[in-house]
Amino acid sequence: MNFSAELIAWYTDNKRDLPWRNTTDAYIIWLSEIILQQTRVEQGMPYFYRFAERYPTVTAFAAAHEDDILKLWQGLGYYSRGRNMLKTAQLVQQQYNGVFPVSYHQLIKLKGIGEYTAAAISSFSANEARAVVDGNVYRVLARYFGIDEPINSPKGKKTFQKIADDVLDNARPALHNQAIMEFGAMLCKPKNPACGICPVRMDCIAFKTNATTCLPVKLKTVKIRKRYFNYMLISDGEKILMNKRNEGDIWANMYDLPLVETPELMDIVELLQLPQMKNLGSNIALKDNSAIIKHVLTHQQLYIRFLILKDFPKELQENWFYADIENLKNLALPKPIFIFIKYFFNF
DNA sequence: AAAACGGGGAC
DNA sequence: GTCCCAGTTTT
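Cut-offs used in this document
Residues numbered from 1 in each chain as written. Chains lettered and ligands numbered in written order. Predicted model: local features only at pLDDT ≥ 70, side-chain atom pairs only at ≥ 80, totals over all residues. Heavy atoms only, no water. Salt bridge = Lys/Arg side-chain N within 4 Å of Asp/Glu carboxyl O. Helix = DSSP H or I, 4+ residues; strand = E, 2+ residues; numbered from the N terminus. Buried < 20%, exposed > 50% of the residue type's maximum accessible area, 1.4 Å probe, protein only. Core = buried A, V, L, I, M, F, W, Y, C linked by side-chain atoms within 4.5 Å. Polar contact = N/O pair within 3.5 Å; in protein donor to acceptor, adjacent residues only side chain to side chain. Near = heavy atom within 4 Å. Nonpolar A, V, L, I, M, F, W, Y, C, P; charged D, E, K, R; others polar. UniProt positions renumbered as here; feature names shortened; annotations may be inferred. Pairing = 2+ DSSP bridges. Contact = heavy atoms within 4.5 Å. Axes fitted to C-alpha atoms, helices over the stretch in contact; angles between N-to-C directions.

Quick word on the pattern of salt bridges
Two side chains that carry opposite charge are able to pair once their charged atoms sit near each other. Summed over all chains, the structure comprises 13 salt bridges. A salt bridge links lysine 244 to aspartate 67; the shortest N-O distance between them is 4.0 Å. Taken together, the positions of lysine 244 in strand E2 (residues 239–244) and aspartate 67 in helix H5 (residues 66–73) put the pair 177 residues apart, joining distant regions of the chain. Its salt-bridge partner being aspartate 166, residue lysine 162 comes within 3.3 Å of it at the nearest N-O pair. With a gap of four residues between them, lysine 162 and aspartate 166 both fall in helix H10 (residues 154–167), about one helical turn apart. Here lysine 162 matches aspartate 166 in class, with each residue exposed. Taken together, the shared-partner salt bridges in this structure form one network comprising Arg227, Arg245, Asp249, Asp256 and Glu261.

Quick word on the nonpolar core
Phe61 and Met242 are the most contacted members of the largest nonpolar core, which totals 100 residues. Ranked by the residues each element gives to this core, the list is headed by helix H2 (residues 26–35), at eight residues. Met266, Leu274, Leu280 and Trp320 belong to the second largest nonpolar core, which has 13 residues in total.

Some words on the side chain of aspartate 169
Turning to its location among the elements, aspartate 169 is positioned in the loop between H10 and helix H11 (173–186). Relative accessible area serves as the criterion here: at 19%, aspartate 169 is assigned to the buried category. Within polar-contact distance, the side chain of aspartate 169 engages the backbone nitrogen of alanine 171 at 2.9 Å.

Observations concerning the protein's contact with DNA strand B
For DNA strand B, the set of nearby residues contains 22 residues, the closest of which are Arg40, His295, Thr298, Gln300 and Lys335. At the protein interface, 56% of the atoms of DNA strand B within 4 Å belong to sugar or phosphate. The contact in question runs from a base nitrogen of DNA strand B to an N or O atom on the side chain of glutamine 43, over 3.3 Å. One of the side-chain N or O atoms of lysine 335 is found 3.0 Å from a phosphate oxygen in DNA strand B. Across the surface near DNA strand B, the residue classes tally to seven nonpolar, ten polar and five charged.

Some thoughts on the UniProt feature "domain: HhH-GPD" (unreviewed entry) in chain A
UniProt tags residues 35–186 as "domain: HhH-GPD" (unreviewed entry). Secondary structure content for residues 35–186 is 65% helix and 0% strand, and the end C-alpha separation is 19 Å.

Focus: the sheet that holds strand E7 (residues 320–324)
Spatially, three strands are ordered E3-E2-E7 in an open sheet, and the strand pairing comes out antiparallel. Sheet topology places strand E3 (255–256) and E7 at the edges, where each strand pairs with a single neighbour. Of the pairings in the sheet, the one linking E2 to E3 comprises two bridges and is antiparallel in character. Of the residues in E3, the one forming a bridge with lysine 244 is tyrosine 255.

Remarks on the side chain of arginine 83
Residue placement: arginine 83 occurs in helix H6 (residues 80–95). Setting aside anything within four residues of it in sequence, one finds arginine 83 in contact with Glu66, Leu70, Glu247, Ala252 and Asn253.

Examining the sheet that holds strand E6 (residues 300–309)
Here we have four strands laid out as an open sheet, ordered E4-E1-E6-E5, and mixed in their pairing. For this open sheet the edge positions go to strand E4 (259–262) and strand E5 (293–296), each flanked by a neighbour on one side alone. Across the sheet, the axes of successive neighbouring strands diverge by a mean angle of 30°, strand direction being ignored. Looking at chain direction, strand E1 (residues 225–234) and E6 are connected through ten bridges and run parallel. Across the sheet, residue tyrosine 231 finds its bridge partner in E6, namely phenylalanine 306.

Below, the structure is given as structure tokens:
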């Protein structure tokens, strides 16, 4: 058996029963693939069920409002995925009369669909011979063929895509793609791969040279920025002052609280002297100085503090509005905001 | 070519 | 703490 056949044989015996594997509906496959981008299967699963139930067709999805999509997406992260999905659903409804495209060339043009996702949807729903290259595939190929080129450099991406194309079983691309990804996720894991039970270990360069822990190679780039968010919670017990976030920053188009961002961590007394704080109202009465919460994102560390103020400000800024406490459950809130509001109002 | 974009789980 | 997850878009 060749490499692909070995993987498929392993897959046939060891695959998980995942809901999106029981359909060729391109819309359902698309739903699952976007949700699973940079997301573990276990984390994405409940979201997949919720979306598939709420929006059974792309036509239903296209009719949704962005606020509803973001709310259902709440907690999953990378929210541009949800916003792009709505744009794509609307385009599919209009341009394709609600029939989700299945060819790679059509798919690759859609918002939120890149090379991986176009290959995944076209192969899974129409058996088009396109090789997927995701994090699992990079790892499996790097180890098996002993490739030490960085997987996150443009050159490396091309190298791995070519190898993936070469090993693809053109007669059964869908099965091959599922198999190699499942193999990477379950057996050829990042840490502690199960080489002892691996069916291809005798042909695996990394196994033979004891290099599994060194592969794949990845360039580290992350520069982490620290930011200091001072949120104002102002409520009369019935209404609460909220803010809709702009695009061009984290949590685009989601809802948080009036925010004063400072370049560094400030003493609470100094903070209250800032002009932005004074604009919030003449009689700022601090009822509580809560702890500073550290919230970690991929490129940012947020140090978040919530100040509970007494009175509503006289003038509202551009994106501020009053929300009924009851209505908060309908607003898409970033994780730390959601946690705090839930705690504060005892939801 | 590099940076931005969330949140969580495994070690 | 570090790494990475069924990646894509923007700069």
